[in-house]
Amino acid sequence: VERFVLKYFNLIRTIIAILIGLVISVFLIYLVSKDPAFSLKQFLLGPFLSRGRFSNMIETTSPILFCGLAIAVAFQARQFNVGAEGSLYLGAVVGTAFAVSTRLPFFLHIPLVLLVAAAVGAAWNFIPGILKAKWKASELVSSLMMNYIAYFLGLYLINFHFRDKKAGYLVSLQLPQTAWLEQFIPDTRMHWGIVLSLVFAVLVYLFLYHSTTGYEVRMTGFNEKFARFGGIRVSRVVILSQVILGLIAGVGGMTEVMGIHHRFNWQSSPGYGWDGVVVAIIGRNHPLLIIAASFFLSYMRVGGQVLTLMSDVPAEMVTVIQSIIILLITAEAFLSRWRYGITVRETARKEAAR
Amino acid sequence: MNPLIKSILSPEFGFAILRVMTPLLFPALGVAISSLSGATNIALEGIMIVSACAGVLVSAFTHSLILSLAAGLAAGIALAALLGYFHLKLKADIILAAIALNMFAAGISIVFLFLFTGDKGSTSSLKSQLFPAVQIPLLDRIPVLGPILSGHNVLTYGALVSVFLYWLIIFKTPLGLRIRAVGQNPDAAQSVGINVNRTRMYALLLSGFFGALGGLYLCMGYVSWFARNITAGRGFIAIAAATLGGNMPLGTFLSSLLFGAVNALANYLAPLKVPSEFIQMIPYLATAIALAIYAAQAMRKRRGKIKEHAPGGAS
């Protein structure tokens, strides 16, 4: 057993962190709710209890997964760029603008719209990238500021140029049908964007772990000086990792518009970029683990929505739980004594066997 | 004269700058002192949120300013202590831990709000008290300067005093010397017997103290309620302000003043026929641009120094 623990230590640690988070959420629900048993049931089982909620859970996974993959590429290079939110938002806005002002057959329209959103997202995060690579400006602060700027710029574009004036609230014109991602299961909103997000997960995995550039990205994150010494052009990696981040986030934002509402309707920033940071940390920046992490977060999110609707517990409880979980996961020393003990005993056993 | 220029040249504009600067200067000092110790605290956004929320709730239920001040400070410092514990004791990456704590603050404040008011949006239904405004005798009779400097909220003066306090701490106390030493070279500091982790913890607690004051001002001076997302990124703009100011007292003050002026200007531009989105964008855009210019300057300076030290040497 101990050897098994040692081998999968990080995974086990993550699971323990998640369990602690869930225990705290049970505790919080008992603290807040007047009917804790009912609220708890709604939170934990609610997402599975109806077809609508279950499909909602799958749908919500997709943008979170896109953003998680995006953030993971930058984090693997140790670039703390949190600009997925801005790229997602602005990519979706400009993609929508392009989609409503062009008329093309669907096999051209869909890829072109996605390409536009990807290009806008990539260009947007090129800015923090080049500022970091050229002048060592903190990518964290600049990407944060870019998020705010993207939000207001996007809002302006929709409000003044692509707004559907017939609708009662701030939404864009509807996309022409040729730019819709088909919802392939009747009575749900599951659309091809979900499949695309899984494809991206595999692509990002192949890029990071089976390509030279991906190796350079990971090496730069592992030890920048060593990478430079080994002949890796670090500043190129710094820019590239952040551009890829923007690209993936831009596509993620656009698929939401094309697949769910068929018009841009985010009056406030949807926050998927931050969810991306959360799942990147839970999945330890590994694309395939991030799929599971995204599903888990989406489960918690939908559980939170059910809570808000059905009980007297606010959905923000989920935010509290997720922050505790990622705090525990980032804490290197959390459970490290346990691992240390096992390592010592293992070694002693090996010595004795000799 | 153009009415806009006229209103900008008026003393009221100077007054507005100081008013808008206050919730930037406090967290900027918080970022500065933690940066000096080498453990940059980017959780000021969260610290401001929890202290603002604690302050408003306590004020609404006890009607005591002293108690809400204490509660706000306690909440802010507690969050900073949590960051210190996770970073220094449990070896979490400080940036990731701070991101987590910012989320934690945003969530827990709403949960508490709901717990006490049953309202998930804001506490506008609760009557929060305000820290009082102060007329400074003599000063308020001087033309131009008087209307700019007198009549501010007591915490605005607190912010100005904090700049001096910060200077005092880092340059005139043993703790300040240790903070600077640890920030410059932790190994060297360790070798002469300074406890690096403890020093950084103190710096983080102080940053929590400054941040808490900023949060309290925001909800009990600038406005009189707590609402979701009330900080609007000020804790992050503060990082840029501290960086621009080189983490030094005067520099941080001046850069906060600059950002305050830009924000105040944005408020004054509101009646113009510019889409409001662009006006709301100004503070963030200005921060990004200022950060880029500063970084470029700093890089040029560094390159210059390298050349000086190695004349004709290969690079």
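## Things to note about the overall build of chain B
(1) Moving on: Tallying secondary structure elements over chain B gives 13 helices and 0 strands in all.
(2) Moving on: Listing each helix as α and each strand as β along chain B from the N terminus yields α-α-α-α-α-α-α-α-α-α-α-α-α.
(3) Moving on: Here the C-alpha radius of gyration of chain B, 21 Å, is about what a compact globule of 315 residues would show, namely 20 Å.
(4) Moving on: In chain B, which comprises 315 residues, the proportion classed as buried is 53%.
(5) Moving on: Carbon together with sulfur atoms contributes 67% to the accessible area of chain B, which is approximately 13900 Å² in total.
(6) Moving on: Side chains of chain B give 21 positive and 8 negative charges; the mean places of these two sets differ by 6 Å.

## Here we look at a nonpolar patch on the surface
(1) Moving on: Together, A:Phe184, A:Trp192, A:Val195, A:Val199, A:Val202, A:Leu203, A:Leu206 and A:Leu288 give the surface a local cluster of nonpolar side chains, amounting to about 640 Å² of exposed area.
(2) Moving on: The dominant element in the nonpolar patch, judged by the number of residues it contributes, is helix H8 (residues 192-210) of chain A, at 6 residues.

## Looking at the side chain of B:Ser64
Residue and element names in this part refer to chain B.
(1) Moving on: Counting through the fold element by element, Ser64 comes out in the loop between helix H3 (44-62) and helix H4 (65-89).
(2) Moving on: The exposure class assigned to Ser64 is buried, which follows from its relative accessible area of 18%.
(3) Moving on: A distance of 3.5 Å separates a polar side-chain atom of Ser64 from the backbone nitrogen of Ile66.
(4) Moving on: Residue contacts for Ser64: discarding those within four places in its chain leaves Ser59 and Gln129.

## Observations regarding the confidence of the model for chain B
Residues and elements named next belong to chain B.
(1) Moving on: Per-residue pLDDT for chain B averages 86, and the proportion of residues at 70 or more is 94%.
(2) Moving on: In the predicted structure, residues 311-315 sits below a pLDDT of 50 and forms 0 contacts with residues beyond four places in sequence or in another chain.
(3) Moving on: Quick note on the complex model: pTM equals 0.89, ipTM equals 0.87.

## A few points about the interface of chain B and chain A
(1) Moving on: If you look at the interface, chain B gives 45 residues, while chain A gives 47 residues.
(2) Moving on: Around 3900 Å² of area is buried between chain B and chain A when both sides are counted, 84% of it from carbon and sulfur atoms.
(3) Moving on: Inspection of the region where chain B meets chain A yields 2 salt bridges.
(4) Moving on: Note that B:Arg228 and A:Glu316 form a salt bridge whose closest N and O atoms lie 2.7 Å from each other.

## Concerning helix H4 (residues 51-76) of chain A
All names here are of chain A.
(1) Moving on: Taking 1.5 Å per residue, 26 residues should reach 38 Å; H4 reaches 37 Å between its end C-alpha atoms and fits that length.
(2) Moving on: For H4, the tally of buried residues reaches 21 of 26 residues, placing the bulk of the element in the interior.
(3) Moving on: Arg78 sits one or two positions beyond H4 and adopts a positive phi of about 55 degrees.

## Some remarks on the packing of aromatic side chains
(1) Moving on: If you walk through the whole model with that rule in mind, you get 25 aromatic pairs over all chains.
(2) Moving on: Pairing A:Phe48 with A:Phe54 gives two aromatic rings, centres 6.1 Å apart and planes at 40 degrees, and the pair type is tilted.
(3) Moving on: For A:Phe48, a relative accessible area of 44% translates into the label partly exposed.
(4) Moving on: With a relative accessible area of 33%, A:Phe54 lands in the partly exposed category.
(5) Moving on: In textbook terms, an aromatic cluster arises when at least three aromatic residues are bridged by ring pairs, as seen for A:Tyr89, A:Tyr148, A:Tyr151, A:Phe152, A:Phe264, A:Trp266, A:Tyr272 and B:Tyr284.
(6) Moving on: Its end group placed over the ring of B:Tyr222, B:Arg19 keeps NZ or CZ at 4.5 Å from the ring centre.
(7) Moving on: Note that B:Arg234 overlies the ring of B:Tyr222, its terminal NZ or CZ placed 5.4 Å from the centroid.

Calculation notes
- The residue count restarts for each chain, going from 1 along the sequence in the order it is written.
- The naming scheme follows written order: chains are lettered A onward, ligands numbered 1 onward.
- It should be noted that, the model being predicted, local features are given only for residues of pLDDT at least 70 and side-chain atom pairs only at 80 or more, the latter also being counted only at that level, while totals for whole chains, interfaces and linings use all residues.
- Note that water and hydrogens are dropped before the side-chain values are worked out from all heavy atoms of the structure.
- Each helix is a run of DSSP H or I of at least 4 residues and each strand a run of E of at least 2, with the numbering of both proceeding from the N terminus.
- Two things to know: the radius of gyration comes from C-alpha atoms, and the globule rule equals 2.2 Å times the number of residues to the power 0.38.
- Throughout, exposure labels follow a simple rule: accessible area from a 1.4 Å probe, protein chains only, divided by the maximum for the residue type, with under 20% read as buried, over 50% as exposed, and the rest as partly exposed.
- Accessible surface area values rest on a Shrake-Rupley calculation with a 1.4 Å probe, where residue burial reflects the displayed protein chains alone.
- A residue counts as positive if it is Lys or Arg and as negative if it is Asp or Glu; His and the chain ends are not included.
- The location of each charge is read from NZ of Lys, CZ of Arg, CG of Asp or CD of Glu.
- Any residue with relative accessible area above 30% and no salt bridge may belong to a patch, with like charges joined within 9 Å and the nonpolar Val, Leu, Ile, Met, Phe, Trp and Tyr side chains within 5 Å.
- Note on definitions: salt bridges are taken to be side-chain nitrogens of Lys or Arg within 4 Å of carboxyl oxygens of Asp or Glu.
- Under this definition, polar contacts are N or O atom pairs within 3.5 Å; protein pairs additionally need one hydrogen-donor-capable and one acceptor-capable atom, and for neighbouring residues in sequence, both atoms have to be side-chain atoms.
- Residue contacts follow a heavy-atom distance rule, with two residues in contact if any of their heavy atoms lie within 4.5 Å.
- The predictor reports its confidence for every residue as pLDDT, a score running from 0 up to 100.
- Accessible area that two parts lose when put together, evaluated with a 1.4 Å probe and summed over both, is termed the buried area.
- Expected span, for any helix, means 1.5 Å times one less than how many residues it has.
- In this analysis, rings of Phe, Tyr and Trp, with Trp reduced to its six-membered ring, are considered paired at centre separations within 6.5 Å, and the interplanar angle assigns stacked below 30 degrees, edge-to-face beyond 60, and tilted for intermediate values.
- Consider the ring centre and the ring normal. A charge sits over the ring if Lys NZ or Arg CZ is within 6 Å of that centre and within 35 degrees of that normal.

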